[in-house]
Amino acid sequence: MKRRGHKFWQAIALSVAAWLIICIGFAVWFKTQLSPEALGFLADLIKAHFGPLLILAVLLLLSGALLLDSILRKYIRPLRKITEQITLVNPTNPSHRFDIAGAAEIQQLCERLNEGATHYESLLNDIEKRVNTARAQSEEEKNILAAIMSELPEGVIVCNPEGQILLYNNRAKQLLSGMGDDSHETGLRFVGLGRSVFEIFDENLIRHTIDQIITKLENDDADVVSYFVTQGAENTLLRAEAVPVLDFRRHYSGLILILSDITQQLESQNYLNLTLQSFTRGIRASFAGIRSAIETILDYPDMDANRLETLKKIIHKESLNIGDLLERDPTLSSHPMFNQWPLERIAVQDLLDVLRARCRQSLGADLRTDDIASEHYVHVDQSSFLLALLFVIQQIQKATGVSEMSCRLIQLQRFVGLDLLWSGHPLKADLLKAWETQPLSFEKEGFSLTLREVIDHHNGEIGLYASKSLKDTAYVRFFLPVVYLIKPERSRSLMILPESRPEFYNFDMFLQVEEQPELQNRNLSKLSYTVFDLETTGLNPTEGDEIISVGAVRIVNGRLLQNERFEQLVDPKRSVPWTSVRIHGIHPEMLEGMPTIDEVLPMFYDFAKDTILVAHNAAFDMRFLQLKEELTGVKFVNPVLDTLLLSAVVHPSHEDHNLEAIAKRLGVRILARHTAMGDAVATGEMFLKFLPLLSQQKIFTLSQALAASQKTFYARQKF
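The rules behind the values
Residues numbered from 1 in each chain as written. Predicted model: local features only at pLDDT ≥ 70, side-chain atom pairs only at ≥ 80, totals over all residues. Heavy atoms only, no water. Helix = DSSP H or I, 4+ residues; strand = E, 2+ residues; numbered from the N terminus. Buried < 20%, exposed > 50% of the residue type's maximum accessible area, 1.4 Å probe, protein only. Arc of directions from axis to C-beta. Contact = heavy atoms within 4.5 Å. Core = buried A, V, L, I, M, F, W, Y, C linked by side-chain atoms within 4.5 Å. Pairing = 2+ DSSP bridges. Axes fitted to C-alpha atoms, helices over the stretch in contact; angles between N-to-C directions.

Draft legend 1. Region of interest: the environment of Asp381. With respect to the helices and strands, the residue Asp381 is situated in the loop between strand S8 (377–380) and helix H11 (382–400). Asp381 sits 153 residues away from Phe228 along the chain, and the two C-alpha atoms are 6.0 Å apart.

Draft legend 2. Molecular detail of helix H5 (residues 170–177). Every buried residue of H5 is accounted for by Ala172, Leu175, Leu176 and Ser177. Down the axis of H5, the buried side of the element spans an arc of 165 degrees, and every buried residue falls inside it. Those residues of H5 hidden inside the fold are in contact with strand S1 (155–159), strand S4 (237–246) and strand S5 (252–261).

Draft legend 3. Representation of the nonpolar core in the model. Grouped together as the largest cluster of nonpolar side chains are 47 residues, with contacts concentrated most on Leu355, Val392, Leu418, Trp422, Leu451 and Phe478. The element that contributes the greatest number of residues to this core is H11, accounting for 10 residues. Dropping the residues within four chain positions of it, Val392 is found in contact with Leu420, Trp435, Leu451, Ile462, Val476 and Phe478. Core analysis: the second largest hydrophobic core is formed by 31 residues, Leu88, Val681, Phe687 and Ala705 among them.

Draft legend 4. Region of the structure containing the sheet that holds strand S10 (residues 415–423). With respect to topology, 5 strands assemble into an open sheet ordered S7-S9-S10-S14-S13, the strand pairing being mixed. Every interior strand has two partners, whereas the edge strands, strand S7 (366–369) and strand S13 (461–466), have only one. Each strand of the sheet is rotated relative to its neighbour by a mean of 25 degrees, with strand direction disregarded. Relative to strand S14 (residues 473–481), S13 runs antiparallel, the two sharing 6 bridges. Within S14, the residue paired with Ala466 across the bridge is Ala474. Together, S7, strand S9 (404–411) and S10 form the strand contacts of helix H10 (residues 348–363), whose direction differs from that of S7 by roughly 160 degrees.

Below you can see the structure in the form of structure tokens.
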């Protein structure tokens, strides 16, 4: 690795070598031109005055060296620093002024440059003022939109066709991730700009929903909205309404997910169902008693008076019981009886096509379907009902070992029967009861609800039977209510984007339809970053020092997202030296009760997933993380960019590349120095200022930035 300063001395060395070669060549040529007598005379003359001639040669060499050194210090080095600092003024830090020692001409050049920088800064301030004025109106509209979004009782997530989140409100974050950043709960789903919606919801579920919407659009269906139920934070159940966003050509351009917590409504619905069942049983018993008494009176008109009086008392008592049942529980009349579970009308054939594909893909089972009329429709929540079907098929396979099954649809009176058939004897009823009480799960998908609860929410039933028409065949039948409603009850208005950019919000990413290039070749400004910093008990991770604080903040689309941060103190399970407390201010009592590193790093891993890690002197932090891989089972394989190395790339003539020196050069103000979050935010702001400086050096992509970092002198330093 050669530093730039060496090139000057290389040029000097080459010049001296060339001068010596010329002198020696001239001497050889001059020698051939002299006669032996003249050559002897010259040799005698040099021999007689060798000392003075040698001193004269040394003095000439010293004078030449001093002259070159003076040129280097007064002209060459100052010019190089001026060249680097010009890139600071434009566009990173317009307030920067040139104060470089050198010759008088250099000082005059600095004065002229400072005058130009002052004028440039004045122009920039004027332009910025005009831009801010013009932006104020759109910001006001944007804030109105943000205020409306934040006040919505429903969670809202907007994503582009690739599933990247463009917009969300706090309610969505609360429904999916829990109550706040201070929660120590593991398995949190991080909702944030630029993150993939597939990290939050099951990918198969979202892709199936999108496919369903696209199919509806192609068929010009009046209601193209799709619904599903998913698990929320803290074991809640969320009703998700997926509304497509269409471009001006009415092509699918994104998705709006509207989330509602239906946990309490479902509990209320369950209570109402149980109450209704109890009410029905009581009414039936009372009516049976009344009917029996009246039939007895009619059959025996000549019965004695005592017997007749007894029957009249029975009729009176049962009529009072009916009155008590009607008056006892006002919930039957005060609560609306509607199903909160999002049921959609779907053709049975379409449902079975999806089921057959999932069986083949996940279970390796071949599911044949008998002739099913295309006009048969059922009302189901596709995600949960498909999960129930897959769960039951998986249980049947475990119990019987069959790999081939078939499916048929039977038209009943008020129900349709969806049968799953296999060759063999029917299973015991106790086994089905056991399935009904198990939480519904299949592969990575699952609910906290049981199979029975999901079937009840579909107003259905399930049973095990032996086939009467097919020999040695048994089946499980799902009873589903017949669909009478053909016309959709309602449809949500679609969002159709205008041809030009909306004034109040930036939805440019909707228009990104080209395929994503490889991460390494993506433009740095298009990548998502997690800028992080660690505070530790000391500087020697291999000698027992531990992490005591993790702070991180995200950068998406060239913006530092202050609201999307990860900040967590860590109990190191060891003492904290006073020498380190004086630096970061984290006292041991502040760490009592905090989660340990094996709890914190998995959460941080999820927070930083699919992003580029950025840190200052990253080798130090990454070494701490690396040493915890075995304990936590978490291995950070994200690409890493180091602002220390990037500073050496863009400012090779500067010797100081510590955080304070870089911040001063770039005009970044460091708040809360030596706290993990404070240093992470400052590092993030510095990184954003590096991006235009890197582009001036033709460094545009991640691979180019990594290659340039590796070439710096500081890349050779290892912890």
